[in-house]
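Summary of the model geometry
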Amino acid sequence: MAVALDVALAHLTSRKRQTLVSLTGVVLGVAFFLAVSSLMRGSEKDFLKRLVDNSPHITVYDEVRQGRPQPAELRWPDAAVSVRNVKPPRETRGIRGWSQRLEFIEALPGVRAAPVLTGGAVLTFAGRQQAVSLSGALPEKMKQVTTIEEKMIEGSLDALAADPNGIVVGQGLVDKFSLHLRSTLNVLAADGTSRPLRVVGIFRTGNAAYDEGQAFVLLKRAQALLGREDRVNRVIIQLADPYDARDVAQTIEAATGYKSVSWVEASEDILSLLLVRNVIMYSVVSAILVVAAFGIYNTISTIVMEKTRDIAIMRAMGFHARDLERIFLLEGLIVGVLGSGLGVLLGLVLMQVLGQVAIRPPGVSEVVHLPVWWGAEQYALAITFAMLSCLAASYLPARRAGAVHPVDILRGAA
Amino acid sequence: MSRTESASPPVIRVEQVTRTLAGEVPVTLVHDVSFEIERGEFVCVMGPSGSGKSSLLYLLGLLDVPTRGRIWIDGEDTTGFDDDRLTDFRLARLGYVFQFHFLLAEFSVVDNVSLPIRKLGRVADDAARQRAAQLLDQLGLEGQHDKRPSQLSGGQRQRVAIARALANDPLVILADEPTGNLDSASSANVRDILRGLTRELNKTVVAVTHDAQFAVAADRRIGIVDGRIDLAWKPG
């Protein structure tokens, strides 16, 4: 209604300074909201990216969450007699029929998967020994799901495919054993068999334990060494969108029966911590807007009190109570819209400035910039909250304006 | 006094109207009042301070509702109207002029006058402004349209208030001490304008006043004492 808007604007401009103060409250509230939110969410995203990038999005284990029921229990669910001491059949550990399951997993959209057989082994070289975690992998698939290929300093993962007796080891082991590319070392499997393998690649991740205790061989080789033919015990999965992990893991688990753990599940504690942190942060920054709302309440209340005669004459003239309410709600809305708009602009400037801030964490040579998140959701949140505060702040004065009885005012004035 | 075609119903018909303010000691403002006002009449309601004449005007103007009794306006019984209907009725058919002009200080004169027209919403905003300008011109306020009320003299402001009361072409103009705050020249001017409205535009004007000079121009005077009609009451 144009008339209401005209009157609302006239009221606000009639008290310029007070309106400006309320407006500044909202502007600063929204801007700080955005600055703090962008930093907190930015650091959260930064942290999660590290978490997500350095670990598989989903790992399918050769375990089941719930043992399969015994056939007898399925056949006679309400049987009067129960057989005790029934054990599941003994079988070679590992994911059975993994190639079909892998096909199923790879058919899911946005999924890259690599089968792995991991087991313990001991590497010996010139009388020295090192227990390692030996992972049998398919190089071309492994490259797609881990960052190991980027960490190669000599040779490559692909060299494994060319040389079935090849092994890829970490820099830590190389230093310890004084190895070179193409050195031959012996691997001692759990069942006592020993086999010479040639170093075809060296990686360095920077994680000392990993660089010393991890080795890669071809999947077939690992299966033979660990005595688990045609088995894998893990499928490592990377997703196009890491945040689909929970759903995809559920799909996989439902279809294959094997325990599929998404990174979300694996880092539940950290994620809930981040959530709590966000709740605290948003409560604090929202508090600024609540304080700003008091300023608006104060301004609009003053206007209502000051304009009681105008309200009375407008009611007499033929404005409904709800028209008057609308006028004052509109005043809150105008402050809200202007405040949100200017606040978002100021917030963007603040975020830009924060993004430029360079910090040098102790012991790190690289200069790190503050992580600033530019996500749309925080603007929506800030604007929604600002608008709600403004409307809430103008609601009470608006109600009071609507309740003005013209006769009371006219009688007093006459 | 009766200059109407006998066939048409009275514009205002008040029947045994009483208005009592509830409270520990109820106060009766208007006591069992009945009268009729014909179309085109210029009526003055007179009486001492606190006699209930303003209260009666608020009842006629549908700003207040009687505790008992009925009020017909333009042949319509307004008894039982809810606030929305009363408000719509006021907007379309009644106009007010008060002792204090009550113009909105932030709006120009022409915007003040066009406000009720825009609220009624029967014409576009441009047309509303045009009509407002016309009314102002008719009341001798040429060239003052874009001024703020504070830039006008008391008499001019009251003329703006009259223009605003006329904005939606109402049947009845209700005036509460319209000259109470004016010097004698301005008072005479306002009085003549109000009288003119009844003569030229066939509007009905009901004015509450103390001003004997003003009252002589009226077609009829209704005396109110202690909330009752007192035919014998004479000013001064």
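Definitions and cut-offs
Residues numbered from 1 in each chain as written. Chains lettered and ligands numbered in written order. Predicted model: local features only at pLDDT ≥ 70, side-chain atom pairs only at ≥ 80, totals over all residues. Helix = DSSP H or I, 4+ residues; strand = E, 2+ residues; numbered from the N terminus. Buried ≥ 20, exposed ≤ 12 C-beta atoms within 10 Å, placed from the backbone. Contact = placed C-beta atoms within 7 Å. Core = buried A, V, L, I, M, F, W, Y, C linked by C-beta atoms within 7 Å. Pairing = 2+ DSSP bridges. Axes fitted to C-alpha atoms, helices over the stretch in contact; angles between N-to-C directions. Parallel < 35°, antiparallel > 145°, perpendicular 65-115°, else oblique. Left-handed = near helix turned anticlockwise from the far one by under 90°. Domains from an automatic or database assignment. Expected span 1.5 Å × (residues − 1). Arc of directions from axis to C-beta.

**Describing the overall build of chain B**
Check the secondary structure of chain B and you find seven helices and ten strands. Counting only C-alpha atoms, chain B reaches 50 × 45 × 40 Å along its principal axes. Relative to its full complement of 236 residues, chain B shows a buried share of 47%. Of all intrachain contacts in chain B linking residues separated by at least 6 positions in sequence, the fraction that spans at least 24 positions is 71%.

**Focus: the nonpolar core**
With 115 residues, the main nonpolar core has Val 45 and Val 206 of chain B as its most contacted residues. If sequence neighbours within four positions are ignored, Val 206 of chain B has contacts with Ile 37, Val 43, Val 45, Leu 57, Leu 60, Val 172 and Leu 174 of chain B. Grouped together as the second largest cluster of nonpolar side chains are 54 residues, Trp 98, Ile 105, Val 111 and Val 169 of chain A included.

**Examining the interface of chain B and chain A**
Between chain B and chain A, the contact holds 25 residues from the first and 19 residues from the second. When contributions to the side of chain B that touches chain A are tallied by element, the ones reaching two or more residues are α1 (53–60), α2 (83–93) and α3 (109–120) of chain B. Per-element tally for the side of chain B that touches chain A: the top contributor is α2 of chain B, with six residues.

**Brief notes about the pairing of strand β5 (residues 166–170) of chain A**
Residues and elements named next belong to chain A. A large share of β5 lies buried, amounting to five of its five residues. Judged by which residues are buried, β5 turns out to be covered on both faces: Gly 166, Val 168 and Gly 170 on one side and Ile 167 and Val 169 on the other are all buried. With five bridges joining them, β5 and strand β7 (residues 194–203) adopt parallel strand pairing. Of the residues in β7, the one forming a bridge with Gly 166 is Arg 198. Relative to strand β8 (residues 214–218), β5 runs antiparallel, the two sharing two bridges. The residue bridging Val 169 from the neighbouring strand is Ala 215, located in β8.

**A few points about the sheet that holds strand β4 (residues 68–73) of chain B**
Residue and element names in this part refer to chain B. The strand order β2-β1-β4-β5 describes an open sheet built from four strands, whose pairing is antiparallel. Two strands close off the open sheet at either side, each with one partner strand: β2 (27–37) and β5 (76–77). Here β4 pairs with β5 via two bridges, running antiparallel. What sits directly across from Ile 73, in β5, is Glu 76. Relative to the sheet, α1 contacts β1 (12–21), β2 and β4, its axis offset from that of β2 by approximately 60°.

**Some details on the pairing of strand β9 (residues 220–225) of chain B**
Taken together, the four bridges between strand β3 (residues 42–46) of chain B and β9 of chain B define a ladder with parallel strand orientation. Its bridge partner lying in β9 of chain B, Val 45 of chain B is registered against Ile 222 of chain B.

**Here we look at the sheet that holds strand β6 (residues 94–97) of chain B**
Residues and elements named next belong to chain B. Taken in spatial order, the six strands make up an open sheet running β6-β7-β8-β3-β9-β10, and their pairing is mixed. Where the open sheet ends on each side, the last strands, each with one partner, are β6 and β10 (228–229). Sheet strands in contact with α1 are β3, β7 (172–176), β8 (204–209) and β9, and its direction is about 155° off that of β8. Across the face of the sheet, helix α5 (residues 154–165) comes into contact with β6 and β7 while running at roughly 170° to β6.

**A look at the packing of α3 of chain B against helix α4 (residues 125–138) of chain B**
All names here are of chain B. Where α3 meets α4, the axes come as close as 8 Å, and the angle between the chain directions of the two elements is 125°. Of the possible angle classes, the one that applies to α3 and α4 is oblique. Taken as a pair, α3 and α4 cross one another with a handedness that is right-handed. Mapping the contact onto sequence places Val 109, Val 110, Val 113, Ser 114, Ile 117 and Arg 118 in α3 and Asp 125, Ala 128, Arg 129, Arg 131, Ala 132, Ala 133, Leu 135 and Leu 136 in α4.

**A few points about the domain arrangement of chain A**
The assigned domain composition of chain A is domain 1 (2–52 + 270–413) and domain 2 (92–258). Using C-alpha coordinates to define each centre, domain 1 of chain A is positioned 55 Å away from domain 2 of chain A.

**Digging into helix α10 (residues 245–256) of chain A**
Residue and element names in this part refer to chain A. Between its first and last C-alpha, α10 extends 16 Å over twelve residues, near the 16 Å set by a 1.5 Å rise per residue. Among the residues of α10, Ala 245, Val 248, Ala 249, Ile 252 and Thr 256 are the ones counted as buried. Axial view of α10: buried residues confined to an arc of 100°, hence all on one face. Those residues of α10 that are exposed and aimed more than 90 degrees away from the buried face are Asp 247 and Ala 254.

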